[in-house]
Amino acid sequence: MPDLLIIGRITDKMERAAKEHFTCTPRASVDLASEGARFDYVLTNGGAGLSRQDMDALPNVQLISSYGVGYDAIDAQEAARRGIIVTHTPDVLNAEVATTALLLMMACYRELLRDDAWVRSGAWSSEGEAPLTRSVDHQRIGIVGMGRIGQEIARKLGPFEANIAYHARSEKDVPYRFEPDLVALARSVDCLIVITPGGAATYHLIDRAVLEALGPGGTLINVARGSVVDETALVSCLETGRLGWAGLDVFEAEPKVPEALKAMKNVVLLPHVGSATHETRAAMGKLVIDNLVSHARDGTVQTPVPESLPLLAGRALR
Ligand code: 8YV
């Protein structure tokens, strides 16, 4: 059986499926410097990716199958140069991540955490009714990144009768207003939802100027990557009231979260759980294993990243 290196945690179901087809070794139990050459395949995830050092120690790997849609932690260009295919798990998580974005938005607008604490603390009896909140309906929403998940967020905002505009590298064939100037977009909306890929191209795309343009009445939602938002500027804008609220699923140095953010009442914080439901992780896990098994069988894969397409030219995608 081919040798599979497993980086990060996978579900029991994924492990059982992987063991039917591969000799599996967790990253923690192997010295890659001396044993790396025996591995044919790598299973990793969007957070851990594959470091350059590990890639160098794996000269015979043919495919890196990543558990997640974002693959900014894998140098897919370099992998392609070495003839290594990278696959990821697009589409199957679109609805879940979109739900997470709406969940964060609603929790910020309706002060879900404050009002939950209002009940638990007894403030309802001692102080009476909780202060009013903001309605989620009829908001002007800016979406940064109008890819598969961005479009799903827009679709799910339908019942809230949102007025949607978006910023992306290029205009898309979607029924929403395209705004090429990100600061202008932030200035024109009530809530900015970030769902663009991570990596060097989008590093600190959401900077102080964007946050200040969103302003004291504005809400920032980030379900993309922590690297897309300048976290130091975010903390300072939230602390000084230059930005109103933030709902964050991702952070610059996960799992570390700035203490200043943890102490704030105008933020809702999640531990990167955008796709983390039983149902969606099962679909993602199946795709991760299917890509590996299909490649081991006949060299085909189901969901390669765009950088890997030249390696597959002439080979059918399943
Ligand atoms: C995963 C994600 O949590 O798909 C992504 O890009 O951020 C998440 O769905 C991540 O890949 C870690 O497994």
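Residues numbered from 1 in each chain as written. Predicted model: local features only at pLDDT ≥ 70, side-chain atom pairs only at ≥ 80, totals over all residues. Heavy atoms only, no water.

Across its full length, the chain carries 14 helices and twelve strands. Its C-alpha atoms give the chain a radius of gyration of 21 Å, within 12% of the compact-globule value 20 Å for 318 residues. The C-alpha extent of the chain, read off along each of the three principal axes, is 65 × 45 × 35 Å. When each of the 318 residues of the chain is scored for burial, the buried share is 50%. Taking as baseline every contact in the chain between residues at least 6 positions apart, the subset at least 24 positions apart corresponds to 58%. (Helix = DSSP H or I, 4+ residues; strand = E, 2+ residues; numbered from the N terminus. Rg over C-alpha atoms; globule rule 2.2 N^0.38 Å. Buried < 20%, exposed > 50% of the residue type's maximum accessible area, 1.4 Å probe, protein only. Contact = heavy atoms within 4.5 Å.)

Once that is clear, we can look at the site of the ligand. Near the ligand, the surroundings consist of 13 residues, among which V69, G70, R225, H272 and S275 are the closest. In this structure, an oxygen atom belonging to the ligand sits 3.1 Å away from a main-chain N or O atom of G46. Here H272 contributes a side-chain N or O atom positioned 2.7 Å from an oxygen atom of the ligand. Surface burial for the ligand is 87%, taken as the share of its 320 Å² of free accessible area covered by protein chains. (Near = heavy atom within 4 Å. Polar contact = N/O pair within 3.5 Å; in protein donor to acceptor, adjacent residues only side chain to side chain. Areas by Shrake-Rupley, 256 points an atom, 1.4 Å probe, with all protein chains shown as cover.)

Along the chain, the position of S275 falls in the loop between β12 (267-269) and α13 (278-298). For the pair S275 and A95, spaced 180 residues apart in the sequence, the C-alpha separation amounts to 8.7 Å. Within polar-contact distance, the side chain of S275 engages the side chain of R281 at 3.0 Å.

Moving on: the pattern of salt bridges. Under the criterion given, the structure shown has 20 salt bridges. Note that E78 and R82 form a salt bridge whose closest N and O atoms lie 2.6 Å from each other. When the shortest N-O distance is used, the salt bridge between D190 and R140 registers 2.9 Å. Here D190, found in the loop between α9 (182-188) and β9 (191-194), pairs with R140, found in strand β6 (residues 140-144); they are 50 residues apart in sequence, far enough to count as distant. A relative accessible area of 17% places D190 in the buried class. What you see here is one network of salt bridges that share partners, running through D56, E78, R81 and R82. (Salt bridge = Lys/Arg side-chain N within 4 Å of Asp/Glu carboxyl O.)

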